[in-house]
Amino acid sequence: MFPFRGVDYMEIDSLLSDQEKLVRQTVRDFIDREVLPHIEDWNREAKFPRHLVPLMAEMGLFGANLEGYGCPGMSNVEYGLIMQELERGDGGLRSFVSVQGALVMYPIHQYGSDEQKRRWLPALHEGRALGCFGLTEPDFGSNPAGMRTRAVKSGGEYVLNGEKAWITSGTIADVALVWARAEDGIRGFLVEKGTPGFTSKDIKGKWSLRASVTSTLALQDVRVAASSVLPGVAGLKGPLSCLTQARYGIGWGVIGAAMACYNEALEYAKVRKQFDDKPIASHQLVQEKFADMITEITKAQLLALQVGRLKDRGRADFAHVSMIKRNNVRMALDVARAARDILGANGVADEYPIFRHMCNLESVITYEGTHNIHTLIIGERVTGIPAYK
Ligand SMILES: Cc1cc2nc3c(=O)[nH]c(=O)nc-3n(C[C@H](O)[C@H](O)[C@H](O)COP(=O)(O)OP(=O)(O)OC[C@H]3O[C@@H](n4cnc5c(N)ncnc54)[C@H](O)[C@@H]3O)c2cc1C
């Protein structure tokens, strides 16, 4: 296996600093060394590679763009490049890191009490504790405002009842950030593994993100101290602001999946021969696919970089992030499908990474706001008219 050298048609590397390229190279080498030789086995066995947690922690990948509590305070572009390289390895691995950093550490960092920050942020950053984010319910996905999970105050405690579905890292998490409807609106609760009445179970039989754990959470009369609520936020803006962080990372991550598929298809097309002993890369219809793929990857790279630079200047908002999530995931899925086609029958075999990326992207286009929901967010931004209902 040759080291990955990147996909850069438009000299986009010239827009990156040496530090940004160094961060990218570190994660790139890690993926080439520790992930790619084994990922098809883990995917086949539906195994989350937990042994990689300490290695990723050592590189500072959990909460990489947060400051304080031991976190490295990297720029948002550096963070995006990390996500890109992780997802070039596998979307399941990137999902795990996204949840740990953007959906668990970020809300604690942003809205937590000093005690919550001191207790959880160093442990989550160092990979000594794992987290999950419980927003989706069996009957409420795109519209979390309807959630049924309840938190009722009882003396110095809250009593939680409800069910969460499709929760990444649910059964392996030491702490679950559970969003529940309380008297004063939707609030976030830090619920520790082992709390009586709190159980989790893995969802089996996924054809997508198989190297990532996805679970249901059940809360039956779960009593947590009032100090476990995130004090800094009430209402749907709490979970939605976390999703903006994670969606930003996804917008970068999927470029990695697209690069992996594009590269694999290109190498294949140069050596696979059909008709007059000519490589399939020499056929015009195949070249058209490559022209489309590289153009779309390049546009996605520029979009992600611009949102990253805006975010580093404090100028990126959720509607900007919706555009990179929506455009780049669709782009990656289209690239994966075209690449699969170029490999013919071999494209459906897990000897090659393409079908795995393609299946992973089917989840990525659904989670963190479906493609349709991001269409509506962008539509509302440009027209001023919400069209969700
Ligand atoms: C592998 C995986 C991991 C996940 N991890 C997490 C996690 O860690 N934490 C978490 O909380 N959730 C997680 N999710 C859940 C995910 O966020 C939801 O699946 C997603 O929000 C969509 O909800 P839904 O599946 O209920 O689909 P629905 O909301 O039922 O949507 C079904 C379809 O209807 C469309 N639709 C819905 N409303 C509208 C509308 N107004 N206009 C047009 N179209 C509409 C949608 O776009 C979609 O095509 C995960 C999901 C997957 C697959």
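Placed above this text is the structure.
Residues numbered from 1 in each chain as written. Predicted model: local features only at pLDDT ≥ 70, side-chain atom pairs only at ≥ 80, totals over all residues. Heavy atoms only, no water.

K.L.:
Can you help me understand the site of the ligand in this one?
P.N.:
If you check the shell around the ligand, you find 18 residues, and the closest are Thr-136, Ser-142, Trp-166, Thr-370 and Tyr-388. A distance of 2.9 Å separates an oxygen atom of the ligand from a polar atom in the side chain of Asn-372. Between the ligand and Tyr-388, the relevant distance is 2.8 Å, taken from a nitrogen atom to a main-chain nitrogen or oxygen of the residue. Compared with its free state, where it exposes 980 Å², the ligand has 67% of that area covered by protein. Listing elements by their share of the shell around the ligand, those giving two or more residues are β5 (157-168) and α11 (371-383). Among the elements that take part in the shell around the ligand, β5 stands out by supplying 3 residues, more than any other. Grouping the amino acids of the shell around the ligand by side-chain chemistry returns 8 nonpolar, 9 polar and 1 charged. (Near = heavy atom within 4 Å. Polar contact = N/O pair within 3.5 Å; in protein donor to acceptor, adjacent residues only side chain to side chain. Areas by Shrake-Rupley, 256 points an atom, 1.4 Å probe, with all protein chains shown as cover. Helix = DSSP H or I, 4+ residues; strand = E, 2+ residues; numbered from the N terminus. Nonpolar A, V, L, I, M, F, W, Y, C, P; charged D, E, K, R; others polar.)

K.L.:
I tried to follow the packing of aromatic side chains on my own but got confused; where do I start?
P.N.:
Here a ring pair, both rings aromatic, is described through the centre-centre distance and the interplanar angle of the planes. Scanning the model with the defined rule gives 8 aromatic pairs in all. With a centroid separation of 4.8 Å and 45° between ring planes, the pair formed by Phe-48 and Phe-96 is classed as tilted. Taken together, the residues span a long stretch of sequence, with Phe-48 in the loop between α2 (39-45) and α3 (53-58) and Phe-96 in helix α5 (residues 91-111) at a distance of 48 residues. A single burial state applies to Phe-48 and to Phe-96, both of which are buried. Relative to Phe-189, the ring of Tyr-158 lies with its centre 4.9 Å away and its plane at 70°, an arrangement referred to as edge-to-face. With a gap of 31 residues between them, Tyr-158 in strand β5 and Phe-189 in strand β7 (residues 185-192) connect regions that are remote in the sequence. Each member of the pair, Tyr-158 as well as Phe-189, carries the same accessibility label: buried. These aromatic residues form a ring-pair network of at least three members: Phe-48, Phe-62 and Phe-96. (Phe/Tyr/Trp six-rings, centres within 6.5 Å; stacked < 30°, edge-to-face > 60°. Buried < 20%, exposed > 50% of the residue type's maximum accessible area, 1.4 Å probe, protein only.)

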